[in-house]
Amino acid sequence: QVELVESGGGLVQPGGSLRLSCAASRSIRAINVMDWYRQAPGKQRELVAAIYSSGNTDYADSVKGRSTISRDNAKNMVYLQMNNLKPEDTAVYYCHMILRTWSSASYDAYWGQGTQVTVSS
């Protein structure tokens, strides 16, 4: 099994910045896509940003221009740099990867445990 471990959440003032990190707990054969989702209280989980094995990226309109997703393939890590944070960015942020382990014949989806981001003055 693979665990995804997130870090970097916390309390930040409006206009501030945070960098979220997510690491896979073991060596991975291949990662197809790495992305970040978020879920605010009373709302559905939504995709924030994705980065594919090609290096292409996608962003939700709500964070486009304020966030950057990046990956370190050697470390099996994905990052989300968020700038100019707004109160509406407050949510639990989840790391998600579609990957193949060395012992698996297929790609499977894995989720992190979530990290709280609170934007408030």
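Quick notes on the rules
- Residue indices follow the written sequence of each chain, beginning from 1 at its first position.
- Given that the model is predicted, a residue must reach a pLDDT of at least 70 before its local features are reported, and side-chain atom pairs must reach 80 or more before they are shown or counted; all residues, however, enter totals for whole chains, interfaces and linings.
- With hydrogens and water set aside, each side-chain value is computed from the structure's full complement of heavy atoms.
- Strands are runs of DSSP state E lasting at least 2 residues, helices are runs of H or I lasting at least 4, and numbering of each runs from the N terminus.
- In this description the radius of gyration comes from C-alpha coordinates, and the expected globular size is given by 2.2 Å times residues to the power 0.38.
- The rule is simple: take the accessible area with a 1.4 Å probe, protein chains only, and divide by the maximum for that residue type; under 20% is buried, over 50% is exposed, in between is partly exposed.
- Contacts: residue pairs with any heavy atoms within 4.5 Å of one another.
- Throughout this description, the term nonpolar core refers to a set of buried Ala, Val, Leu, Ile, Met, Phe, Trp, Tyr and Cys residues connected via side-chain atoms within 4.5 Å.
- In this description, strands pair whenever DSSP reports at least two bridges between them.
- Cysteine sulfur atoms that come within 2.5 Å of each other are treated as a disulfide pair.

**Quick notes on the overall build of the chain**
Next, step 1: Looking only at helices and strands, one finds 0 helices and 11 strands in the chain.
Next, step 2: Beginning at the N terminus, the succession of helices and strands in the chain can be written as β-β-β-β-β-β-β-β-β-β-β.
Next, step 3: For a compact globule of 121 residues, the expected C-alpha radius of gyration is about 14 Å, and the chain comes in at 14 Å, within 12% of that figure.
Next, step 4: For the chain, the spread of C-alpha atoms along the three principal axes comes to 45 × 25 × 25 Å.
Next, step 5: Counting over 121 residues, the chain shows a buried share of 42%.
Next, step 6: For the chain, the proportion of contacts with a sequence separation of at least 24, taken over those separated by at least 6, is 56%.

**Examining the nonpolar core**
Next, step 1: If you look at the biggest cluster of nonpolar residues, it comprises 30 residues, and the most contacted ones within it are L4, W36, V78, L80, M82, Y93 and M97.
Next, step 2: Put simply, the parts of the chain that give this core at least two residues each are strand 3 (18-24), strand 4 (30-39), strand 5 (46-52), strand 8 (77-82), strand 9 (91-100) and strand 11 (115-119).
Next, step 3: Sort the elements by how many residues they give to this core and strand 9 lands first, with 5 residues.

**Notes on unusual backbone geometry**
Next, step 1: Here the phi dihedral of N76 falls at roughly 55°; this positive angle occurs in a residue that is not glycine.
Next, step 2: Turning to its location among the elements, N76 is positioned in the loop between strand 7 (67-72) and strand 8.
Next, step 3: By relative accessible area, which is 12% here, N76 ends up buried.

**Observations regarding the pairing of strand 1 (residues 4-7)**
Next, step 1: Of the two faces of strand 1, the one lined by L4 and E6 is fully buried and the one lined by V5 and S7 carries no buried residue.
Next, step 2: Note: strand 1 against strand 3, 4 bridges, orientation antiparallel. Note on strand 3: the bridge partner recorded for V5 is A23.

**What about the pairing of strand 7?**
Within a regular strand, side chains alternate between the sheet's two faces.
Next, step 1: Residues S67, I69 and R71 of strand 7 are buried on one face, while the alternating residues T68, S70 and D72, pointing to the opposite face, are not.
Next, step 2: Both strand 7 and strand 8 contribute to a ladder of 6 bridges, which runs antiparallel. Residue S67 lies in a different strand from strand 8, and its bridge partner there is M82.

**Concerning the state of the cysteines**
Next, step 1: If you walk through the whole model with that rule in mind, you get 1 disulfide.
Next, step 2: Across a sulfur-sulfur distance of 2.1 Å, C22 and C95 are joined as a disulfide pair. Residues C22 and C95 are joined by a disulfide whose S-S torsion is about -80°; by sign, that bridge is left-handed. Of this pair, C22 sits in strand 3 while C95 sits in strand 9; the two residues are 73 residues apart in sequence, bridging distant segments of the chain. Here C22 and C95 have matching classes, each one buried.

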